[in-house]
Amino acid sequence: MPLTSYVTLGRSGLRVSPFTLGTMTFGEDLGWGSSPEEAKAILAAYLDRGGNSVDTANVYTNGHAEVIIGEYLAGRPGMRDRIVLGTKFFWNLHLGDPNGGGPGRKAVIQQLDNSLRRLQTDYVDIYWLHNFDPVTPAEETLRALDDLVTAGKVRYVGFSDVPAWATAEAATIARFRGWAPIIALQLEYSLLERTTEGELIPMAQAMGMGVLPWGPLKSGFLSGKYSSAATGDVDTTRTALVGTPSQEDYRVIDTVNEVASEAGTSAAAVALAWVQARPGVTSTLIGARRMDQLEANLSALDLTLSPEHQERLNEVSAPRLNFPAENNANLARLAHNGGTTVDGLATPAPPRLHEAPVY
Ligand SMILES: NC(=O)c1ccc[n+]([C@@H]2O[C@H](COP(=O)([O-])OP(=O)(O)OC[C@H]3O[C@@H](n4cnc5c(N)ncnc54)[C@H](OP(=O)(O)O)[C@@H]3O)[C@@H](O)[C@H]2O)c1
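Residues numbered from 1 in each chain as written. Predicted model: local features only at pLDDT ≥ 70, side-chain atom pairs only at ≥ 80, totals over all residues. Heavy atoms only, no water.

**Q** What is the right way to read the overall build of the protein from this model?
**A** In terms of helices and strands, the protein carries twelve helices and ten strands. Taken over C-alpha atoms, the radius of gyration comes to 21 Å for the protein, in line with the 21 Å a tight globule of 359 residues would show. Out of the 359 residues belonging to the protein, those deemed buried represent 50%. Pairs at least 24 apart in sequence give 73% of the contacts found in the protein among residues at least 6 apart. Surface summary for the protein: the accessible area is close to 17,000 Å², and the carbon and sulfur share equals 54%. For the protein, the centre of its 29 positive side-chain charges and the centre of its 40 negative side-chain charges are spaced 5 Å apart. (Helix = DSSP H or I, 4+ residues; strand = E, 2+ residues; numbered from the N terminus. Rg over C-alpha atoms; globule rule 2.2 N^0.38 Å. Buried < 20%, exposed > 50% of the residue type's maximum accessible area, 1.4 Å probe, protein only. Contact = heavy atoms within 4.5 Å. Areas by Shrake-Rupley, 256 points an atom, 1.4 Å probe, with all protein chains shown as cover. Lys, Arg positive; Asp, Glu negative; His and termini not counted. Charge placed at Lys NZ, Arg CZ, Asp CG, Glu CD.)

What follows is the structure, encoded as structure tokens:
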């Protein structure tokens, strides 16, 4: 599948590539990541292959990632309108200013204006609430975002890392107020983080939101450079940030490495192909610090895991979900009498629990 296999994002008319280019690694300001030159080369390589979806945030390298993207786009006339450019608000870049970040009206508008300045554009395609703030009323944030849509500075609205209940509440308020809908979610999702399957992904499917998984390689743990048998240094800049894998993690990591060697591909490709094929997923956020990592990650687009390999990966990474997800998965079938739903989902008849007459 090429990057040009565009697909609609949630219940919207916006079309995105199956992989979105993440830019958290753009800039070396925090002691890890790519130089501006390498970052621009990575961006160019992704766009030249027809990739159209780029993700950033005001906080990435304290605004430098947005500057790098803005400089690149300024040097490529006509490209800005061809791509889906998303950025995020929430993190306060002005320490000491209580309204410098967060989702209050004043902060949202000011953060967008600063992102637009750094990106050298007058609109973003997706404006993401980066994290959950239990204080600010949802109506205030949603109405501010809707105003920005009306003003032509934002095309679509997304939520990231917000609890399912708060997302569903906000989406329902927006729907009944006629405000810009939440069309997509960014969630951590990988073979080492599957608890999103409990509430968030089923909610996204039910409410027509596309899912963009972030951390699909668990910061590189699933990229092939880790294994329980390996000793010595790992080629990474992230150890200080994310530590090292646990013994539990290594069960999954070793299985990914085995599947990769059986399938004749890289571990990174296996981990990315797995996540991209999961129900509800629209476009996986790939993060590459170097060009060779980008190439390895893009090769996942050509990989379809065999049912046997998928099953092995599903089993070794099976998550323990919060109540009531597992309870409901076991009990839901008892309510059905066979047949299918209108869109073809099988609803098998439950086994007879007992032969006793029904009173
Ligand atoms: N919404 C949110 O809260 C949120 C949070 C995090 C990220 N994001 C977005 O999602 C994007 C991806 O997230 P992520 O960076 O956590 O993804 P990830 O794929 O889990 O980790 C990327 C890191 O793994 C290593 N890596 C990547 N490809 C590799 C390869 N082929 N071989 C070996 N190592 C490889 C690199 O680090 P080293 O080379 O240094 O090891 C790279 O920086 C970000 O850029 C950002 O746009 C969003």
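Picking up after the structure, the text goes on.
**Q** Whenever I open this one, helix α6 (residues 200-207) confuses me. Can you help?
**A** Three- or four-residue spacings in an α-helix give side chains the same orientation, since the helix completes a turn every 3.6 residues. Residues of α6 that are buried include every one of L200, I201, M203, A204 and M207, and no others. Viewed end-on, α6 has its buried residues packed into an arc of 160 degrees, placing them on one side of the element. Those residues of α6 that are buried are in contact with α5 (164-177), β8 (182-188) and β9 (210-214). In the segment just after α6, G208 is the residue with positive phi, at about 75 degrees. (Arc of directions from axis to C-beta.)

**Q** For this particular structure, what's the right way to read the packing of helix α8 (residues 247-263) against helix α11 (residues 307-316)?
**A** If you want to describe how two helices pack, look at the angle between their axes and the distance between the axes. One can describe the packing of α8 onto α11 by two numbers: an axis separation of 9 Å at closest approach and a directional angle of 170 degrees. Classified by the angle between their axes, α8 and α11 sit roughly antiparallel to one another. Only H309, R312, L313 and V316 of α11 make contact with α8, whose side of the interface consists of R251, V252, T255, V256, E258, V259, E262 and A263. Of the residues assigned to the contact of α8 with α11, the class counts are six nonpolar, two polar and four charged. (Axes fitted to C-alpha atoms, helices over the stretch in contact; angles between N-to-C directions. Parallel < 35°, antiparallel > 145°, perpendicular 65-115°, else oblique. Nonpolar A, V, L, I, M, F, W, Y, C, P; charged D, E, K, R; others polar.)

**Q** Would you mind showing me how to read the sheet that holds strand β3 (residues 19-22) here?
**A** Strand pairing in a sheet is mediated by backbone hydrogen bonds. Such pairs are either parallel or antiparallel. Spatially, eight strands are ordered β9-β8-β7-β6-β5-β4-β3-β10 in an open sheet, and the strand pairing comes out parallel. Each end of this open sheet is capped by a strand with a single partner; those strands are β9 and β10 (284-286). Sheet twist, expressed as the average angle between the axes of neighbouring strands with direction ignored, equals 30 degrees. Relative to β9, β8 runs parallel, the two being bridged by five bridges. Among the inter-strand pairings, A184 is bridged to a residue of β9, identified as G210. (Pairing = 2+ DSSP bridges.)

**Q** What is the right way to read the site of the ligand from this model?
**A** As a matter of local geometry, the ligand sits amid 31 residues, with D55, D161, K225, T236 and T237 nearest to it. S160 places a side-chain nitrogen or oxygen 2.8 Å from a nitrogen atom of the ligand. A distance of 3.4 Å is found between a nitrogen atom of the ligand and a side-chain nitrogen or oxygen belonging to S223. Protein burial of the ligand: of its 910 Å² of free accessible surface, 95% is covered by the chains. For the shell around the ligand, the element with the highest residue contribution is helix α10 (residues 291-298), accounting for three residues. For the shell around the ligand, a count of residues per class yields eight nonpolar, 15 polar and eight charged. (Near = heavy atom within 4 Å. Polar contact = N/O pair within 3.5 Å; in protein donor to acceptor, adjacent residues only side chain to side chain.)

**Q** Help me understand the nonpolar core in this model?
**A** The nonpolar side chains of a soluble globular protein tend to be buried, and buried together. With 89 residues, the main nonpolar core has F26, Y127, F159 and L222 as its most contacted residues. In terms of residue count, helix α9 (residues 267-276) provides more of this core than any other element does, nine residues in total. The contact partners of F26, leaving out residues within four places of it in the chain, are L21, S34, A39, I42, L43, T61, A65, I68 and I69. Core analysis: the next-biggest nonpolar cluster, separate from the first, contains ten residues, I126, W128, I183 and A184 among them. (Core = buried A, V, L, I, M, F, W, Y, C linked by side-chain atoms within 4.5 Å.)

**Q** Quick question: what am I supposed to make of the pattern of salt bridges here?
**A** For side chains of opposite charge, pairing can occur when their charged atoms come near one another. Counting across every chain of the model gives 19 salt bridges. One salt bridge connects E197 with R194, and the closest N-O pair in it is separated by 2.7 Å. Judged on exposure class, the residue E197 and its partner R194 are both buried. Three or more residues are tied together by salt bridges with common partners; here these are D235, R289, R290 and D292. (Salt bridge = Lys/Arg side-chain N within 4 Å of Asp/Glu carboxyl O.)

**Q** Help me out: how do you make sense of the packing of helix α4 (residues 138-150) against α5 in this one?
**A** Following both chains from N to C, one finds α4 and α5 inclined at 55 degrees, their axes separated by 10 Å at the closest point. Judged by the inter-axis angle, α4 sits oblique to α5. As α4 runs across α5, the sense of the crossing is right-handed. For the pair α4 and α5, contact is made by A138, E139 and L142 and by A170, I173 and A174, respectively. For the contact of α4 with α5, the per-class residue count stands at five nonpolar, no polar and one charged. (Left-handed = near helix turned anticlockwise from the far one by under 90°.)

**Q** How should the pairing of β9 be read in this particular structure?
**A** Working note: regular strand, side chains alternate between the two faces of the sheet. In terms of residue burial, β9 counts as a mostly covered element, since four of its five residues are buried. Crossover connection from β8 via α6 to parallel β9: handedness right-handed. (Right-handed = clockwise from strand over helix to strand, strands pointing away.)

**Q** Teacher, can you tell me more about a negative patch on the surface here?
**A** On the surface, E28, D29, E37 and E38 cluster together into a patch of negative charge. By the secondary structure assignment, D29 is in the loop between β3 and α1 (36-48). (Patch = residues over 30% accessible without salt bridge, like charges linked within 9 Å, V, L, I, M, F, W, Y side chains within 5 Å.)

**Q** Help me out: how do you make sense of the packing of aromatic side chains in this one?
**A** The geometry of an aromatic ring pair comes down to the distance between the two centres and the angle between the two planes. Throughout the structure, instances matching the rule amount to four aromatic pairs. For the pair F221 and Y226, a centre-to-centre distance of 5.2 Å together with 65 degrees between the ring planes defines the contact as edge-to-face. Across the pair, exposure class does not vary: F221 and Y226 are buried alike. Here R155 stacks its cationic end above the ring of Y123, 3.9 Å away from the centre of that ring. (Phe/Tyr/Trp six-rings, centres within 6.5 Å; stacked < 30°, edge-to-face > 60°. Lys NZ or Arg CZ within 6 Å of the ring centre and 35° of its normal.)

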